[in-house]
Amino acid sequence: MEQYILALDQGTTSSRAILFDARGVLVEVAQQEFTQLYPQPGWVEHRPDEIFDTQARVAARCLRQAGVSAAEVAAVGITNQRETTIVWDAASGAPVCNAIVWQDRRTAPLCDALRAEGWEPLIKDRTGLLADPYFSGPKIRWILDNVPGARERAEAGELRFGTVDTWLIWNFTRGRVHVTDPSNAARTLLFNIHTCDWDDQLPALMDIPPSMLPEIVASSQVSGYMDAGFLGHRVPIAGMAGDQQAATFGNGCLVPGMVKNTYGTGCFLLMHTGDRPCRSAGNLLTTIGWQGPSGTAYALEGSVFVAGAVVQWLRDGLGIIGSADEVEALAASVPDSGGVYLVPAFTGLGAPHWDPYARGTLVGLTRGTTRAHIARAALEAIAFQTMDIMECMEIDAGMSLHALRVDGGASANNMLMQFQADLLGVPVERPVVTETTALGAAGLAGLAVGFWENDAELAARWQLDRRFEPGVDSGRREEARHQWRRAVERARHWVEA
């Protein structure tokens with residue numbers, strides 16, 4: 001009987017299930033979007049039950065569409081939107097409130113207080129992160145302080161916390177397993193990336209009871225079994241990693257110095273830095289890539305909060321396109337942006353600025369500006385934000401970029417990929433399988449159950465689809481960079497705290 005690996009890719013806007021065969025070939029995909037909630041400016045929420053329900057449905061649908069039974073699934077790998085925070089009742093499994101999404105900015109005042117009290121150097125030393133609303137710890141604190149009765153219940157040991165991986169595993173195992181892996185734990189501001197365990201001081205600093213925290217397990221190991229009631233067979237859950245770390249693994253960036261960028265809702269640039277943390281002087285994040293049979297891999301990361309989401313905004317907010325796939329043709333209908341620059345700081349700016357008070361800015365408008373120029377400026381903004389991070393990353397790591405591997409939905413946009421190569425001055429390499437986030441989760445799960453032998457076998461399966469070579473001179477490149485930086489300065493510190 002042929003065996004498969006099922007990857008569950010729980011993203012910010014949709015839940016997906018992807019089935020891979022032993023060659024690493026994508027066999028089937030099922031996807032379902034879910035509700036985005038914006039209760040106040042700067043707040044972003046999801047319904048935890050909807051996250052799980054959509055993920056369970058697409059898992060079953062994927063197998064059904066492929067004509068594959070659960071008995072043919074050797075293992076399940078989970079990858080997920082990171083930092084998104086869920087707190088639930090340990091007995092009933094009922095969430096105490098909506099999930100607070102990674103994009104949410106409501107905890108900016110708490111992070112300001114941590115910095116003002118002088119805690120950021122300790123936080124950065126232990127976690128590799130900054131005191132920013134992006135991460136889970138302040139979100140947990142907010143829930144305990146603002147949901148009636150939550151703090152008392154947490155201190156009584158009645159509540160559990162999890163990022164989305166933990167929430168899915170808890171539900172798929174019917175509450176039997178409460179775990180996370182280092183790649184997700186490293187995004188909480190509560191995890192020590194040097195000891196690879198929950199820190200002995202940071203939970204208390206944020207007034208979070210340790211009883212809420214999940215057990216740490218390796219990214220590649222059998223951590224539990226999906227209850228047979230979901231797919232009709234008891235399937236091992238053998239891999240988990242945050243989406244960007246999984247994408248790095250799936251894109252074959254298994255050697256120090258290799259870099260990938262994922263063009264999804266956000267944009268996430270990761271460089272494999274080896275088996276030790278690489279400290280950043282340029283406001284990038286030092287994080288854990290994954291922990292598997294070959295040890296712990298570390299990475300430098302730069303996060304862009306709004307990338308593909310800017311295309312959704314063009315569609316849903318401005319109505320200048322009817323569907324996301326229209327944006328490339330519209331943007332390509334003009335030779336350039338006509339001097340228009342869009343800084344999509346809708347929820348603040350991520351690396352290297354880390355400005356939660358920045359807001360979206362559209363500059364350079366004239367009477368000749370058309371919706372095509374705005375569409376082109378929106379796509380170019382994705383590449384500009386990537387450029388900002390890459391410049392810092394090369395300095396921090398002491399290595400020059402030779403090529404950028406790409407994945408994610410927007411990597412299919414040829415105009416964007418060519419502009420990215422032009423802007424960086426290095427080739428951009430797009431693989432045949434752009435579902436590298438799911439492939440990474442599948443790879444970690446497959447290694448744990450012997451489906452694949454080692455990392456090298458997985459890396460050898462990476463195949464190039466198209467290589468975009470830079471095609472502009474350095475003068476034009478520098479002028480574009482200069483104008484972008486001027487636009488960013490106009491977006492920064494817009495909200496007056």
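The structure displayed is predicted, hence computed values, not measured ones.

Undergrad: Any details on the side chain of Thr-188? Residues and values, ideally.
TA: Turning to its location among the elements, Thr-188 is positioned in the loop between helix H7 (182-185) and strand S10 (191-192). Taking the relative accessible area as the measure of exposure, Thr-188 reaches 1% and is therefore buried. A distance of 2.8 Å separates a polar atom in the side chain of Thr-188 from the backbone oxygen of Ala-185. A polar atom in the side chain of Thr-188 sits 3.1 Å from the backbone nitrogen of Leu-190.

Undergrad: Tell me about the state of the cysteines, and name the residues and values.
TA: This structure, assessed with the given rule, holds zero disulfides. Of all cysteine sulfurs, the one in Cys-111 lies closest to Cys-97, which takes part in no disulfide; the gap is 17 Å. Owing to a relative accessible area of 21%, Cys-97 belongs among the partly exposed residues under this scheme. This cysteine, Cys-278, is not joined by any disulfide, and Cys-392 carries the nearest cysteine sulfur, 12 Å off.

Undergrad: So, the sheet that holds strand S17 (residues 285-292): which residues are in play, and what are the values?
TA: Read across the sheet, seven strands follow the order S17-S18-S16-S15-S21-S22-S23 without closing on themselves; strand pairing throughout is mixed. Taken across any chain shown, the strands that pair with only one partner, and hence form the sheet edges, are S17 and strand S23 (464-468). Averaged over all neighbouring strand pairs, the angle between strand axes comes to 30°, with direction disregarded. Across four bridges, strand S22 (residues 428-431) lies against S23 in antiparallel orientation. Note that in S23 the partner of Pro-431 across the bridge is Leu-464. Across the sheet, helix H10 (residues 243-250) is in contact with strand S15 (259-263), strand S16 (267-274), S17 and strand S21 (404-407); its angle to S17 comes to roughly 60°.

Undergrad: Just give me the short version of the packing of aromatic side chains, but keep the residues and values in it.
TA: This model, assessed by the stated rule, comprises 21 aromatic pairs. An angle of 70° between the planes, with centres 6.0 Å apart, marks the rings of Phe-305 and Trp-354 as edge-to-face. One end of the pair, Phe-305, is in the loop between strand S18 (295-304) and helix H11 (309-318); the other, Trp-354, is in the loop between strand S19 (341-343) and strand S20 (361-363), and 49 residues separate them in sequence. No difference in accessibility class separates Phe-305 from Trp-354, as the two residues are buried. Connected via pairs of aromatic rings, a cluster forms that spans Trp-102, Tyr-134, Phe-135, Phe-268, Phe-305 and Trp-354.

Reading guide: rules and limits
- Residues numbered from 1 in each chain as written.
- Predicted model: local features only at pLDDT ≥ 70, side-chain atom pairs only at ≥ 80, totals over all residues.
- Heavy atoms only, no water.
- Helix = DSSP H or I, 4+ residues; strand = E, 2+ residues; numbered from the N terminus.
- Buried < 20%, exposed > 50% of the residue type's maximum accessible area, 1.4 Å probe, protein only.
- Polar contact = N/O pair within 3.5 Å; in protein donor to acceptor, adjacent residues only side chain to side chain.
- Disulfide = S-S within 2.5 Å.
- Pairing = 2+ DSSP bridges.
- Axes fitted to C-alpha atoms, helices over the stretch in contact; angles between N-to-C directions.
- Contact = heavy atoms within 4.5 Å.
- Phe/Tyr/Trp six-rings, centres within 6.5 Å; stacked < 30°, edge-to-face > 60°.

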